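Spelled out, the chains give:
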Amino acid sequence: MTALPRFNRVLLKLSGEALMGSEPYGIDMAMVRRVASEIRDVGQYGLELCVVVGGGNIFRGLAGAAQGMDRATADHIGMLATVMNALALNNALVHAGVQSRVLSAISMPTVCEPYIRPRALRHLEKGRVVIFAAGTGNPYFTTDTAATLRAAEMGCQAILKGTSVDGVYSSDPKKHADATRFERVSYQEVLAQQLRVMDPSAIALARDNDISVIVFSIREPGMLASVIRGEGRYTVIDAGAD
Ligand code: UDP
């Protein structure tokens, strides 16, 4: 296991799939409640937490484009899907007694706050969880890139990427029995070996801003807190011996 430093501020990236739980599509509220209670539990470690949610459980721009929709329009729908997930998570956090705010990159002031960097920083300083919705606000990007962008803007030391697998593998462990899991892997190796963990632009942005990416399974109960304590199963992506 690769030892982790003590973090003060981190960004949790949740894929839409993570919020789907055992459902085939959409939002599994039982799963969202569990994630919310895990976020509440990490409050005891005194760290400031940002969250970026994906939207793949509802709509992916590429899937819309494949069916003949304009890519930019399809991506707008995808970003709106992330707002739905953000609102669901925020609601569960409020019910769990956690102070949290949704800040959207696409302005919709009757629904949530717009993304304004100083305002987001102020929320964090006040101990609130900040959920960034609508990705970067631009088509042709992913929420992984949005996560890296916001992590850089917020001065986060790491991105905790909660997925349905417990780290980065040499190939898809669901398809290849001989896939091996990395304890630690460099940004460069992820890019060179085209490891399917984040899109290359997100990895390059993390590398350029020296933000570690820690990949773990959010499906494993309690794993978020374990990762923050530097225990548990995860893969660290950083500069390594680059
Ligand atoms: N998206 C976008 N710009 C962004 C972030 C997301 O256009 O900055 C759209 C894109 O269509 C994407 C969808 O939102 O397919 C959902 O995001 P993503 O696929 O990253 O979600 P995840 O895989 O994490 O569930």
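Shown above is the structure to which this text applies.
Residues numbered from 1 in each chain as written. Predicted model: local features only at pLDDT ≥ 70, side-chain atom pairs only at ≥ 80, totals over all residues. Heavy atoms only, no water.

Remarks on the nonpolar core
Okay, so step 1: If you look at the biggest cluster of nonpolar residues, it comprises 45 residues, and the most contacted ones within it are Ile39, Val51, Leu89 and Leu160.
Okay, so step 2: Residues in contact with Leu89, not counting those within four places in the same chain, are Leu14, Val32, Val35, Ala36, Ile39, Val51, Val53 and Ile131.
Okay, so step 3: With 30 residues, the next largest nonpolar core counts Val52, Met154, Val197 and Ala202 among its residues. (Core = buried A, V, L, I, M, F, W, Y, C linked by side-chain atoms within 4.5 Å. Buried < 20%, exposed > 50% of the residue type's maximum accessible area, 1.4 Å probe, protein only. Contact = heavy atoms within 4.5 Å.)

Concerning the site of the ligand
Okay, so step 1: Around the ligand, the surrounding shell holds 19 residues, and the nearest of these are Arg60, Asp75, Thr136, Asn138 and Thr143.
Okay, so step 2: Between an oxygen atom of the ligand and a main-chain N or O atom of Gly55, the distance comes to 3.0 Å.
Okay, so step 3: Residue Arg60 places a side-chain N or O atom 2.7 Å away from an oxygen atom belonging to the ligand.
Okay, so step 4: Counting residues per element, the shell around the ligand draws most heavily on helix H4 (residues 71–95), which supplies three residues.
Okay, so step 5: Per-class residue counts for the shell around the ligand are four nonpolar, 12 polar and three charged. (Near = heavy atom within 4 Å. Polar contact = N/O pair within 3.5 Å; in protein donor to acceptor, adjacent residues only side chain to side chain. Helix = DSSP H or I, 4+ residues; strand = E, 2+ residues; numbered from the N terminus. Nonpolar A, V, L, I, M, F, W, Y, C, P; charged D, E, K, R; others polar.)

Observations regarding the pairing of strand S5 (residues 129–133)
Okay, so step 1: The buried fraction of S5 amounts to five of the five residues, a majority that puts the element mostly inside the structure.
Okay, so step 2: Burial along S5 is two-sided: the residues Val129, Ile131 and Ala133 and Val130 and Phe132 are all buried.
Okay, so step 3: Pairing geometry for strand S2 (residues 48–53) and S5, over three bridges, is parallel. Across the sheet, the residue bridging to Val52 is Phe132, located in S5.
Okay, so step 4: Of the pairings in the sheet, the one linking strand S3 (residues 100–104) to S5 comprises five bridges and is parallel in character. Considered in S5, the bridge of Ser104 is made with Ala133. (Pairing = 2+ DSSP bridges.)

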